[in-house]
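What follows is the residue order along each chain.
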Number of protein chains: 2
Amino acid sequence: MNLLLLEDGDFVAADRALLRGRRLKHLHEVHRAAVGDSLRVGRLDGLMGSGQLLRLDANEAELSVELDQRAPDKLPLTLLLALPRPKMLRRVLQTVSAMGVPRLVLLNSYRVEKSFWQTPFLEPAAIREQLILGLEQARDTVLPEIIIEKRFKPFVEDRLPALAAGSLGLIGHPGAYPACPRAVDRAVTLAIGPEGGWIPYEVDKLQEAGLQPVQLGERILRVETAVTALLARLF
Amino acid sequence: MNLLLLEDGDFVAADRALLRGRRLKHLHEVHRAAVGDSLRVGRLDGLMGSGQLLRLDANEAELSVELDQRAPDKLPLTLLLALPRPKMLRRVLQTVSAMGVPRLVLLNSYRVEKSFWQTPFLEPAAIREQLILGLEQARDTVLPEIIIEKRFKPFVEDRLPALAAGSLGLIGHPGAYPACPRAVDRAVTLAIGPEGGWIPYEVDKLQEAGLQPVQLGERILRVETAVTALLARLF
């Protein structure tokens, strides 16, 4: 936790917040914080700044808060991801949030196992929990938008063309394709497939929607690694 | 497992291998393989190619193997990493192996908790297990070299200058430093700090050894994410 993220409900006055639960535990056990300490804080969907610990005991912490810095910019990106397996999903949500992706579409694909859609990690509260861990890691305050699309074809045919309009549309896909471009200076729509990759029909449909396949080399990377590697290369 | 990795002990003839244990279980449960199937195989520290399943039962599998492709190139890189916490260490070893890092130095740092050096995940067999998972993921056959350095100062003063000689020496470090270069066409020595970063003394010592700090932006990334992002940007 490199940023203590405060939510509206934590504030008892404009410049005063009370903490309990997970963040209080973290203050005690990881920060080993003491009264008087100054901590880096942010307000969810708001500014960042510093907080001074006025009071700290086993039950709660009281902070005096001064917020004056903007959160870091997001990437100019819409990321389409075939729904990963549940354990990977949690890590990917943290990574996406930490790296500054503003909008993530979790999409079905032929190679997504049907059971993956049943995971409790897809419930809004569970998604939000992972996104917040990513924000706390990276020092950001703004939650990404998560869109869940359980049907590939209607999404890619009916909604993707508008979503991708005006952006550079890319499909991260192993094979004899051009190398993924570097340091692009425009908005990108990037689709990353499941373990085993998109099937040819899906690549065709994504191409019809305006996206072009690009590759990162011979090595097959795990989804989380591929997301990070493609974003680091593109931006 | 995108590559079935065979070791010398698996071969019963030059073109014939027997499998048991973890890989046999994977063939049954994940690949749902059947006699006659052709699988992508590789020989540890050797070539890659295909294997045909001649026989498969609950106890073992017999493969006819033809190896004729070289493993993918490694990156021209020596990676120095402050020892991560044990759970992260395992994932980082897989990532390093999958991304084609040929040599990893696990190094002490002021901010590495002493207890991290006690983890069983640092035992050679445990390290090897994670590296092999990375090779199987990425389709590579060549294990990276892992060097363990429990003392920062003697390593950085006495051995690092020779190790880094002739390469572009970089320290991935948040702060007011130049941006990490992109698409370099030479050998690199890259040092990545612990959670919380290298302390100023350590940055000074790494600089004396010929490494220069570079940054990836305002966001603080987890070690695993930082490794992937820096490598994707550099190569």
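Residues numbered from 1 in each chain as written. Chains lettered and ligands numbered in written order. Predicted model: local features only at pLDDT ≥ 70, side-chain atom pairs only at ≥ 80, totals over all residues. Heavy atoms only, no water.

A. Broad picture of the interface of chain B and chain A. Across the boundary between the two partners, chain B contributes 29 residues, which contact 29 residues of chain A. Together chain B and chain A conceal approximately 2,500 Å² of surface at their shared face, both sides included; 49% is due to carbon and sulfur atoms. By the criterion of area lost to chain A, the three top residues of chain B are R219(B), I220(B) and R222(B), representing 29% of everything that side buries. Across the contact surface, chain B and chain A share four salt bridges. (Contact = heavy atoms within 4.5 Å. Buried area = accessible area lost by both parts, 1.4 Å probe. Salt bridge = Lys/Arg side-chain N within 4 Å of Asp/Glu carboxyl O.)

B. Here's a closer look at the nonpolar core. L77(A), L79(A), L160(A), L190(A), W198(A), L206(A) and L231(A) are the most contacted members of the largest nonpolar core, which has 56 residues in total. Considering every element that reaches this core, the biggest residue donor is helix α6 (residues 223-234) of chain A, with seven residues. (Core = buried A, V, L, I, M, F, W, Y, C linked by side-chain atoms within 4.5 Å. Buried < 20%, exposed > 50% of the residue type's maximum accessible area, 1.4 Å probe, protein only. Helix = DSSP H or I, 4+ residues; strand = E, 2+ residues; numbered from the N terminus.)

C. The relation of the copies chain B and chain A, seen in detail. For the pair chain B and chain A, the superposition axis carries a translation of 0.0 Å, the fit reaches an RMSD of 0.0 Å, and the rotation angle comes to 180°. Both chain copies can therefore be described as sitting about a two-fold axis. When the interface residues of chain B are mapped onto chain A, 100% of them again fall at the interface, so both copies present the same face. (Least-squares fit on C-alpha atoms with pLDDT ≥ 70 in both.)

D. Quick peek at helix α6 (residues 223-234) of chain B. Helix length check: α6(B) (12 residues) gives 16 Å between terminal C-alpha atoms against 16 Å at 1.5 Å per residue, within 8%. Summarising burial for α6(B): 12 of the 12 residues are buried, a large majority. Within α6(B) the residues assigned to the buried category are V223(B), E224(B), T225(B), A226(B), V227(B), T228(B), A229(B), L230(B), L231(B), A232(B), R233(B) and L234(B). Looking at the packing, one finds that the buried side of α6(B) touches α2 (86-99) and α6 of chain A together with β7 (77-82), α2 (86-99), β10 (168-172) and β11 (188-192) of chain B. (Expected span 1.5 Å × (residues − 1).)

E. Looking closely at the side chain of E136(A). With respect to the helices and strands, E136(A) occurs in helix α3 (residues 124-138). In this structure, E136(A) is in contact with M1(A), N2(A), L3(A), L5(A), R22(A) and R23(A), ignoring residues within four places of it in sequence.

F. Quick look at the packing of aromatic side chains. Per the stated rule, a full pass over the model turns up two aromatic pairs over all chains. Measuring from centroid to centroid gives 5.9 Å for F152(A) and W198(A), while their planes differ by 50°, and the two rings are tilted. You can see F152(A) sitting in helix α4 (residues 152-164) and its partner W198(A) sitting in the loop between β11 (188-192) and α5 (200-208), a full 46 residues away along the chain. Each of the two residues, F152(A) as well as W198(A), counts as buried. One Lys or Arg, R43(A), reaches over the ring of F11(A) and ends 3.7 Å from the middle of that ring. Sitting above the plane of the F121(B) ring, R90(B) keeps its charged end 4.5 Å from the centroid. (Phe/Tyr/Trp six-rings, centres within 6.5 Å; stacked < 30°, edge-to-face > 60°. Lys NZ or Arg CZ within 6 Å of the ring centre and 35° of its normal.)

Note that all results are geometric; they support no functional claim without further evidence.
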